Amino acid sequence: MEKKVIYSAVQPSGNLTIGNYVGAVRNWVRLQSEYECFFAIADMHAITVRQEPAELRRRTLELAALYIACGINPEECALYVQSHIPAHAELTWVLNSITYVGEASRMTQFKDKSAKHAENVNMGLMDYPVLMAADILLYQTDCVPVGADQKQHVELSRDLAIRFNNRYGETFKVPEPLIQKGGARICSLQESTKKMSKSDENPNAAVFLSDDRDTIIRKFKRAVTDSDNCIRFAEEKPGISNLLQIYCAFKGCTMPEAEREFEGKGYGDFKLAVGEVVADVLAPVQEKQRQLLADKKQLSEYLSVGAERAFKAARKTLSKVYRKIGFWRE
Ligand code: TYM
């Protein structure tokens with residue numbers, strides 16, 4: 001039986017946070033042997049907000065190394081850079097013609113980013129979810145493992161696939177979001193109801209995968225909590241609940257196990273334990289990433305093999321799309 005297809009991506013738009021790791025990359029590693037996987041570095045998405053060109057270039061390679069350091073096997077999965085496959089931009093153009101301005105402007109992330117980058121509300125920002133739909137639909141994807149913040153975008157991809165199929169005949173597989181229960185939304189350490197983000201201005205809000213041990217422990221020590229000194233998961237305790245989620249994700253334990261472990265302990269001890277477990281998990285990943293970055297030739301070889309695989313799969317779908325919509329071909 002043919003393997004089902006998984007597609008996902010991360011933008012090389014900043015240092016990755018533990019949110020990106022727990023919500024996305026870590027789950028890809030678990031799924032990679034079961035599925036046929038396409039994992040991209042979404043550089044085309046990244047330029048919808050202003051990027052420093054030299055930094056974007058550097059981060060692209062760093063992200064490739066990080067995927068592999070986290071456990072993605074570049075020989076099993078198609079690991080590639082989005083802009084290396086022109087079909088992504090080409091399918092976006094076709095999908096633009098069946099996407100309503102109304103539905104694109106209702107996307108929560110578009111509204112949030114427009115407010116945040118009020119001086120640069122560009123067309124790309126609005127088209128971001130359509131490009132994402134093109135990414136997903138090109139590979140006849142079954143499942144899209146992402147964090148909770150991307151659910152709405154995957155739903156738009158489904159809507160567009162169904163709309164296209166209804167109008168032009170069966171062409172795209174209709175994808176499903178794959179959002180795991182624990183860790184799908186890691187929050188800021190400074191504002192416990194806000195998503196932890198690569199681009200937060202407060203340096204203590206996010207823990208980056210590149211942070212050293214002392215920095216990680218310091219950031220957790222400063223994490224905002226509450227004053228009742230009881231370590232349990234509860235809606236009215238967003239700070240502690242967020243830390244507990246992080247602890248479970250990194251320790252590999254359940255919520256009741258974590259709550260039992262810290263029964264009767266103080267917040268200080270708890271925060272230190274969270275920082276330590278995160279630092280312990282990240283240390284070997286950082287070391288592996290350093291080693292991989294020392295051999296740029298090998299890294300770019302992985303990316304070109306990945307692009308070759310992606311190119312073939314993407315072309316097949318795009319040719320079908322062009323035929324269906326009536327583009328003349330010999
Ligand atoms: P990006 O780079 O913003 O996020 C990458 C992945 O990390 C997840 N994530 C989180 N998960 C839990 N807690 C958080 N605080 C947190 N912050 C981020 C995101 O949900 C995402 O899974 N647009 C995508 C990139 C993309 C993509 C695609 C994904 C481009 N094309 C096609 C899937 C399919 C994004 O959000 O990147």
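In the block above lies the structure referred to throughout.
Residues numbered from 1 in each chain as written. Predicted model: local features only at pLDDT ≥ 70, side-chain atom pairs only at ≥ 80, totals over all residues. Heavy atoms only, no water.

Caption draft 1: Here's a closer look at the environment of Phe164. Tracing the chain through its elements places Phe164 in helix α8 (residues 151–168). Residue classification places Phe164 among the buried residues on the basis of a relative accessible area of 1%. Taking the C-alpha atoms as reference points, Phe164 and Val321, separated by 157 residues in sequence, lie 9.3 Å from one another. (Helix = DSSP H or I, 4+ residues; strand = E, 2+ residues; numbered from the N terminus. Buried < 20%, exposed > 50% of the residue type's maximum accessible area, 1.4 Å probe, protein only.)

Caption draft 2: Spatial organisation of helix α3 (residues 53–70). Taking 1.5 Å as the rise per residue, α3 with 18 residues should run 26 Å; its terminal C-alpha atoms sit 25 Å apart, in good agreement. Listing the buried residues of α3 in full gives Leu56, Arg59, Thr60, Leu63, Ala64, Ala65, Leu66, Tyr67, Ile68, Ala69 and Cys70. Two residues or fewer past α3, Gly71 is found with a positive phi of approximately 125°. (Expected span 1.5 Å × (residues − 1).)

Caption draft 3: Seen up close, the packing of aromatic side chains. Tallying each qualifying case throughout the model produces 11 aromatic pairs. Their ring planes at 20° and their centres at 5.3 Å tell us that Tyr7 and Tyr139 sit as a pair that is stacked. With a gap of 132 residues between them, Tyr7 in strand β1 (residues 5–10) and Tyr139 in the loop between α7 (123–138) and β4 (143–145) connect regions that are remote in the sequence. Considered together, Tyr7 and Tyr139 belong to a single accessibility category, that of buried residues. Residues Trp28 and Tyr67 carry aromatic rings whose centres are separated by 5.2 Å and whose planes lie at 70° to one another, so their mutual orientation is edge-to-face. (Phe/Tyr/Trp six-rings, centres within 6.5 Å; stacked < 30°, edge-to-face > 60°.)

Caption draft 4: The arrangement of unusual backbone geometry in detail. Of note in this structure, Gln140 is not a glycine but carries a positive phi near 50°. Of note, Gln140 is situated in the loop between α7 and β4. Non-glycine residue Asn229 carries a positive phi angle of around 55°. Relative to the elements of secondary structure, Asn229 occurs in the loop between α9 (213–221) and α10 (238–251). A relative accessible area of 48% means that Asn229 is categorised as partly exposed.

Caption draft 5: Quick peek at the site of the ligand. The ligand sits among 27 residues. The nearest are Tyr128, Asp135, Asp149, Ile186 and Lys198. One nitrogen or oxygen atom from the side chain of Asn20 is found 3.1 Å from an oxygen atom belonging to the ligand. In the model, an oxygen atom of the ligand is placed 2.9 Å from a nitrogen or oxygen of the Gly147 main chain. Here the ligand has 700 Å² of accessible area as a free molecule, and 98% of this is covered by the chains. Broken down by secondary-structure element, the contributors of at least two residues to the shell around the ligand are β1, α1 (18–31) and α7. (Near = heavy atom within 4 Å. Polar contact = N/O pair within 3.5 Å; in protein donor to acceptor, adjacent residues only side chain to side chain. Areas by Shrake-Rupley, 256 points an atom, 1.4 Å probe, with all protein chains shown as cover.)

These figures come from the coordinates and say nothing about function on their own.
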